[in-house]
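The residues making up each chain are set out below.
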Amino acid sequence: MDYDRLAFRHAPDATLILADRVVLRASLRVEAVFGWRPAELEGQSIRLLYPGQTDYEVIGERARKAMLAAEVYRDERFMRRKDGQVVWMEGRGTALDREDPQRLAVWTYRPLEGEGPAGTLTPMERRIARYLVNGFTSKEIALALGSSPRTVEVHRANMVRKMQVRNSFELVSRLLAAPAVE
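These numbers were taken from a predicted model, which means no experiment stands behind them.

Draft legend 1. The overall build of the protein chain, seen in detail. Along the protein chain, the regular secondary structure elements total 8 helices and 5 strands. When the helices and strands of the protein chain are read in sequence order from the N terminus, they spell out α-β-β-α-α-α-β-β-β-α-α-α-α. Against the globule reference of 16 Å for 182 residues, the protein chain gives a C-alpha radius of gyration of 17 Å, in line with a compact fold. With the C-alpha coordinates aligned to their principal axes, the bounding extent of the protein chain is approximately 60 × 35 × 25 Å. Taking the contacts inside the protein chain whose residues are at least 6 apart along the sequence as the reference set, 48% of them involve residues at least 24 apart. On the protein chain, roughly 9500 Å² of surface is accessible, and the fraction owed to carbon and sulfur atoms is 53%. Averaging the positions of the 29 positive and the 25 negative side-chain charges in the protein chain gives two centres separated by 6 Å.

Draft legend 2. Local environment of helix α5 (residues 123–132). Along α5, 7 of the 10 residues are buried, which leaves the element largely enclosed by surrounding structure. When we look at burial in α5, the residues that qualify are E125, R126, I128, A129, R130, Y131 and L132.

Draft legend 3. Inspection of the environment of V172 at higher detail. You can see V172 is positioned in helix α8 (residues 168–176). Sequence-wise, V172 and V133 are 39 residues apart; in three dimensions their C-alpha atoms are separated by 5.5 Å. Other than its neighbours up to four places away in sequence, V172 contacts L132 and V133.

Draft legend 4. Molecular detail of empty space enclosed by the protein. Inspection of every chain in the model, using the stated rule, returns 2 cavities of 30 Å³ or more. Empty space within the largest cavity amounts to approximately 140 Å³. Around the largest cavity, the lining comprises 15 residues; the ones closest to its centre are L18, R21, A63, Q102 and W107.

Draft legend 5. Region of interest: the packing of aromatic side chains. Taken as a whole and assessed by the stated rule, the structure comprises 5 aromatic pairs. Where F34 meets Y109, the ring centres are 5.7 Å apart and the plane angle is 75 degrees; that geometry is what we call edge-to-face. One end of the pair, F34, is in helix α2 (residues 29–34); the other, Y109, is in strand β5 (residues 105–111), and 75 residues separate them in sequence. When its relative accessible area of 1% is taken as the criterion, Y109 is described as buried. Consider the rings of Y50 and Y56, whose centres lie 5.7 Å apart with planes at 75 degrees: the pair is edge-to-face.

Reading the values: rules and limits
- Residues numbered from 1 in each chain as written.
- Predicted model: local features only at pLDDT ≥ 70, side-chain atom pairs only at ≥ 80, totals over all residues.
- Heavy atoms only, no water.
- Helix = DSSP H or I, 4+ residues; strand = E, 2+ residues; numbered from the N terminus.
- Rg over C-alpha atoms; globule rule 2.2 N^0.38 Å.
- Contact = heavy atoms within 4.5 Å.
- Areas by Shrake-Rupley, 256 points an atom, 1.4 Å probe, with all protein chains shown as cover.
- Lys, Arg positive; Asp, Glu negative; His and termini not counted.
- Charge placed at Lys NZ, Arg CZ, Asp CG, Glu CD.
- Buried < 20%, exposed > 50% of the residue type's maximum accessible area, 1.4 Å probe, protein only.
- 1 Å grid on protein atoms, 1.4 Å probe; cavity = no way out; pocket = protein on both sides within 12 Å on 5 of 7 lines; lining within 4 Å.
- Points joined across faces, edges and corners; volume = space filled by probe spheres on them.
- Phe/Tyr/Trp six-rings, centres within 6.5 Å; stacked < 30°, edge-to-face > 60°.

Structure follows, in structure tokens:
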């Protein structure tokens, strides 16, 4: 029996093997976590799992740099399921080629519903938070969500209060805060 293959396929977290940020293999848990069957993701860019292009680029570069310095990288970030729902996830990655971390890497993902900085946020606040961490203004967020800038400001103020920070800068810092590299 091939225990290595069996362990990968049935890992408790969604597990992906990536080559240059393209999914080579996906564990069975990927379907429960992201809604995609493994075969649907294999051969696709990991970009499918990010809420937007900026998330994909910023998080990818941050992870690449961290993986040059440490064996395992861990962060929390927003990711997108097949149905379009944006969820707060823990991501862990290890490069199989430390000189070029994105050439070949293994990543695991676990939803953090009710945990982490976004755990106490409403669905609308989470949508707004996704834009905030990418540098959008209230006016730009309102335009993207089809609401008013004042509505966005009210949600932002609620997030500041819930997350016990003093201002929007601290809110964004808290949302983006990645725990120390392990």
